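Topology and contacts: notes
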Amino acid sequence: MQKILVIEDEADIADLIAFNLQRNHYHAELAGDGLKGLALAQSVLPDLIILDLMMPGMNGVSVFKELRKDAATRKIPVIMLTARGQTEDRITGLELGADDYMTKPFSPKELVLRVKNLLKRSQHLVSGAELDCGPFRFVKGSLLFYINGEQVDLTSTEFKLMLYLCERANVVQSRADLLVEVMGYSDDVHSRTLDTHMKRLRRKLGSFVDHLETVRGVGYQVTTNHP
């Protein structure tokens, strides 16, 4: 049974999430504040974390930064919860490297669907298979990514986006395909989320960013014919 850690200070919301996770055969662990949530994440090492941004004491952004500093929790997928209208908090979370977000109030059914999609995409990477694509190298089982032999730290979503493009190198992939196949969205409502992940990914590619091309009005492609 996969373990989901819910870090949420509103007990009613936390209980609602836990109930819906458990009825879908997940084991839910609950933490009512950021400090407890961080400690629980480091001891339990859940398969996924649902993290509220607005909490007293240690807020969600601080918790997330600590999770990403720790090698043991760095690759755990995170879905952030934000209150309606907190656009800046949502963008901040995505720019830090969160895998997904939901705005309160939300549908528990949709949240469970997001959890399933995110875990499914993570399970696709459990094998130890490796892939080489031009200067890029992927080790799927450990989510390790290298550029010309030098390791570059990617979030799980960045890794999946880059891997998907490299597995289809030199062929343009539409934004719709990336949203559906990699990020698990059924429409283009979350296009800005994709833009934020791609922006972060471009920064991390450094001098090799020209290999990741934007095809205006269509999507993206990784090319292997750059010098």
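See above for the structure.
To start, this report covers the structure provided alongside it. Everything numeric in this text was worked out from a predicted model, so none of it was measured. (Residues numbered from 1 in each chain as written. Predicted model: local features only at pLDDT ≥ 70, side-chain atom pairs only at ≥ 80, totals over all residues. Heavy atoms only, no water.)

Quick look at the pattern of salt bridges
Note the threshold: Counted as salt bridges are all cases of a side-chain nitrogen of Lys or Arg within 4 Å of a carboxyl oxygen of Asp or Glu. By definition, any uninterrupted DSSP run of H or I lasting at least four residues is a helix, any uninterrupted run of E lasting at least two residues is a strand, and each is numbered from the N terminus. Note on exposure labels: buried denotes an accessible area under 20% of the residue type's maximum, exposed denotes more than 50%, and partly exposed covers the range between, all computed with a 1.4 Å probe on protein chains only.
On inspection of all chains with the given rule, the structure shows 16 salt bridges. For Glu 158, the salt bridge is made with Arg 200, and the minimal N-O distance between the two is 2.6 Å. You can see Glu 158 sitting in helix H6 (residues 156-167) and its partner Arg 200 sitting in helix H8 (residues 191-205), a full 42 residues away along the chain. An identical accessibility class is assigned to Glu 158 and Arg 200; each is buried. Here Lys 204 and Glu 158 are joined by a salt bridge, their closest N and O atoms 2.7 Å apart.

Concerning the packing of H6 against H8
How we decide: What counts as an axis is a line fitted to C-alpha atoms, over the stretch in contact for a helix, and the angles between N-to-C directions run from 0 to 180 degrees. Reported orientations rely on four angle classes, namely roughly parallel under 35 degrees, roughly antiparallel over 145, roughly perpendicular from 65 to 115, and oblique for the rest. Here a residue-residue contact requires only that any non-hydrogen atoms of the pair lie within 4.5 Å. For this scheme, ten residues count as nonpolar: Ala, Val, Leu, Ile, Met, Phe, Trp, Tyr, Cys and Pro. Four count as charged, namely Asp, Glu, Lys and Arg, and the remainder, Gly too, count as polar.
At a minimum axis separation of 10 Å, H6 and H8 run at an interaxial angle of 80°. Considered as vectors, H6 and H8 are oriented roughly perpendicular to each other. Residues Thr 157, Glu 158, Leu 161, Met 162 and Leu 165 of H6 form the contact with H8, whose own contacting residues are Leu 194, His 197, Met 198, Arg 200, Leu 201, Lys 204 and Leu 205. In terms of residue class, the contact of H6 with H8 is built from seven nonpolar, two polar and three charged.

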